[in-house]
Amino acid sequence: MKISINNRIAKTGVAALGISALAVAVSAHAQQTLNIVSWGGAYSMSQHEAYDKPWMEKTGDEIVNIDRSGNALAGLRAQSQAGNVTWDLVDMLPADAMIACDEGLIEPLDHDELLADAPDGTPPSEDFVDGALGDCFVASIVYSNIVAFNSEMFPEDDQPSTIEDVFDLENYPGKRALLRKPINNMEWALIADGVDREEVYAMLETEEGVQRAFDKLDTIKNEVIWWEEGAQPPQLLADQEVAFASAYNGRIFNAMVSENQPFEIIWDAQVFELDGWVVPTGKLDKVKDYLHFATDTQRLADQAQYISYGPARKSSSELVSTHAETGIEMTPHMPTYGPNFETALQKDDLFWADYNDELTQRFNAWLSQ
């Protein structure tokens, strides 16, 4: 196969010819198997279509997809302790990446050396959106944690529209499905209780704020089904086992457009965040060419044809077009689309890196009460 030439060579002539680095690469590469960890479902499908298929066609490499990102940090810890790291590339959330980086489980990344420039020559450090590049992390998408509902379970003239409605059992009865973690639930509880979005994380740093969040969650606790895998919320909604479900926006989009499910997304108080890649320690040489390819401008734009997650590169956004299967315009379904983004809350990764263990213990204790 061919692999990409480095930025220095590209800038001394190749770029002037208007030929992509990948197209003129000159180094040979032995075929190999890459064990890549991700989230499964519609998201892994979008990665497979946008990254894996063209990479395998280009190189002859085999890619093994492993659906373990939900427990990626624990998995890396266990493999490292056993001295047998079998994962080559891992899709991970930024907060977990910070912890893994601090623990030496993943490789530091030189983004401008490792990743592809934008088509106009803009270096990665300037082309990726704010917060997308960490010491050991490179984002690929902007996605959102939202609450969706089954529209058939409410009158047409009184459909829920705010995060407060999710906590309103009197006017909007029915079971709720929520992620079995404090993340997102604590934020939504405070916002539904009247806390301004800009004050949420400062409030959660106080005992008063944490207790206030749990008190608000208490008001719906008996009507909650707790989920742990991303495939569960759409299924629970489709089966009308719940009226509302927190979910990843791409999962709900896929159910709406590909399965014709009567779902609607409540964009109010969406908690948006980045998601991307980390490289387990010792694996960088093996995966650097794939990582260069999978995070370039075109690949991130291509992924948005399959799922409604925004690309993490600015240069990719203008290339986002229509859904590959249905042909609908993707832009209105993106978390960052203007009307969807008006009341968005950015997840504070530093906060969750610092407080996740403590709040998870308290959350689990609260669940058992």
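Residues numbered from 1 in each chain as written. Predicted model: local features only at pLDDT ≥ 70, side-chain atom pairs only at ≥ 80, totals over all residues. Heavy atoms only, no water.

Points about the packing of aromatic side chains
Reasoning step 1: Enumeration over the complete set of coordinates arrives at 19 aromatic pairs.
Reasoning step 2: Aromatic pair Trp 55 and Phe 293: ring centres 5.3 Å apart, planes at 45°, arrangement tilted. Note that Trp 55 is positioned in helix α2 (residues 41-59) and Phe 293 in helix α13 (residues 284-294), a separation of 238 residues in sequence. The burial state of Trp 55 is the same as that of Phe 293; both residues are buried.
Reasoning step 3: A ring pair is formed by Phe 272 and Phe 341, whose centres lie 4.8 Å apart and whose planes are at 55°; its orientation type is tilted. Here Phe 272, found in strand β9 (residues 263-278), pairs with Phe 341, found in helix α16 (residues 338-341); they are 69 residues apart in sequence, far enough to count as distant.
Reasoning step 4: On the accessibility criterion, Phe 272 (14% relative accessible area) is buried. (Phe/Tyr/Trp six-rings, centres within 6.5 Å; stacked < 30°, edge-to-face > 60°. Helix = DSSP H or I, 4+ residues; strand = E, 2+ residues; numbered from the N terminus. Buried < 20%, exposed > 50% of the residue type's maximum accessible area, 1.4 Å probe, protein only.)

Thoughts on the packing of helix α10 (residues 207-218) against helix α17 (residues 349-368)
Reasoning step 1: Direction vectors running N to C along α10 and α17 enclose 35°, while the axes themselves pass 12 Å from each other. Where α10 crosses over α17, the handedness of that crossing is right-handed. Together, Glu 207, Val 210, Gln 211, Phe 214, Leu 217 and Asp 218 of α10 and Leu 359, Arg 362, Phe 363 and Trp 366 of α17 make up the contact between the two elements.
Reasoning step 2: Along the lines of polarity and charge, the residues of the contact of α10 with α17 split into six nonpolar, one polar and three charged. (Axes fitted to C-alpha atoms, helices over the stretch in contact; angles between N-to-C directions. Left-handed = near helix turned anticlockwise from the far one by under 90°. Contact = heavy atoms within 4.5 Å. Nonpolar A, V, L, I, M, F, W, Y, C, P; charged D, E, K, R; others polar.)

Some points on the side chain of Thr 59
Reasoning step 1: On the secondary structure map, Thr 59 appears in helix α2.
Reasoning step 2: With relative accessibility at 5%, the residue Thr 59 sits in the buried group.
Reasoning step 3: Polar contacts involving the side chain of Thr 59 include one to the main-chain carbonyl oxygen of Trp 55, which spans 2.8 Å.
Reasoning step 4: Among the polar contacts made by the side chain of Thr 59, one reaches the main-chain amide nitrogen of Asp 61 at a distance of 3.0 Å. (Polar contact = N/O pair within 3.5 Å; in protein donor to acceptor, adjacent residues only side chain to side chain.)

What to know about empty space enclosed by the protein
Reasoning step 1: Enumeration over the complete set of coordinates arrives at three cavities of 30 Å³ or more.
Reasoning step 2: Together, Trp 39, Gly 40, Tyr 43, Ile 141, Tyr 143, Tyr 248, Arg 251, Asp 275 and Tyr 309 line the largest cavity.
Reasoning step 3: Among the residues making up the lining of the largest cavity, the classes are represented as six nonpolar, one polar and two charged.
Reasoning step 4: Residues from two domains meet in the lining of the largest cavity; each of domain 1 (2-142 + 274-333) and domain 2 (143-272 + 338-368) gives at least three. (1 Å grid on protein atoms, 1.4 Å probe; cavity = no way out; pocket = protein on both sides within 12 Å on 5 of 7 lines; lining within 4 Å. Points joined across faces, edges and corners; volume = space filled by probe spheres on them. Domains from an automatic or database assignment.)

Regarding the domain arrangement of the protein
Reasoning step 1: Under the domain assignment, the protein is made up of domain 1 (2-142 + 274-333) and domain 2 (143-272 + 338-368).
Reasoning step 2: In this assembly, 24 residues from domain 1 lie in contact with 18 residues from domain 2.
Reasoning step 3: For the pair domain 1 and domain 2, the two sides together bury roughly 1,800 Å², of which 59% comes from carbon and sulfur.
Reasoning step 4: Our count for the domain 1 to domain 2 interface comes out at zero salt bridges.
Reasoning step 5: Run the count over domain 1 and domain 2 and you get six residue pairs in polar contact (both at pLDDT 80 or more).
Reasoning step 6: Secondary-structure elements contributing two or more residues to the side of domain 1 that touches domain 2 are α2, α4 (94-102), β5 (137-150) and β9. (Buried area = accessible area lost by both parts, 1.4 Å probe. Salt bridge = Lys/Arg side-chain N within 4 Å of Asp/Glu carboxyl O.)

Describing the state of the cysteines
Reasoning step 1: Evaluation of the coordinates by the stated rule reveals one disulfide.
Reasoning step 2: The residue that forms a disulfide with Cys 101 is Cys 136, at a sulfur-sulfur distance of 1.9 Å. Disulfide Cys 101 to Cys 136: torsion about the S-S bond roughly 45°, handedness right-handed. A residue pair is termed long-range when its members are at least 10 positions apart, and Cys 101 in helix α4 and Cys 136 in the loop between β4 (133-134) and β5 qualify at 35 residues.
Reasoning step 3: What makes Cys 101 partly exposed here is its relative accessible area of 21%. (Disulfide = S-S within 2.5 Å.)

Observations regarding the environment of Phe 128
Reasoning step 1: With respect to the secondary-structure elements, Phe 128 resides in the loop between α6 (124-127) and β4.
Reasoning step 2: Since its relative accessible area comes to 3%, Phe 128 is described here as buried.
Reasoning step 3: Considered as a pair, Phe 128 and Ala 118 are 10 residues apart in the sequence and their alpha carbons are 9.4 Å apart.
Reasoning step 4: In this structure Phe 128 touches Leu 115, Leu 133, Val 138, Ala 139, Thr 295, Leu 300, Ala 312, Arg 313 and Lys 314, once residues within four positions along its chain are discounted.

Regarding the layout of surface pockets
Reasoning step 1: In this structure, the largest pocket occupies an estimated 1,000 Å³ of space.
Reasoning step 2: Along the walls of the largest pocket sit 39 residues, with Ser 69, Gly 70, Asn 71, Asp 96 and Lys 181 positioned nearest its centre.
Reasoning step 3: The element best represented in the lining of the largest pocket is α17, accounting for six residues.
Reasoning step 4: The residue inventory of the lining of the largest pocket, partitioned by class, reads 16 nonpolar, 11 polar and 12 charged.
Reasoning step 5: For the lining of the largest pocket, the two domains that each supply at least three residues are domain 1 (2-142 + 274-333) and domain 2 (143-272 + 338-368).

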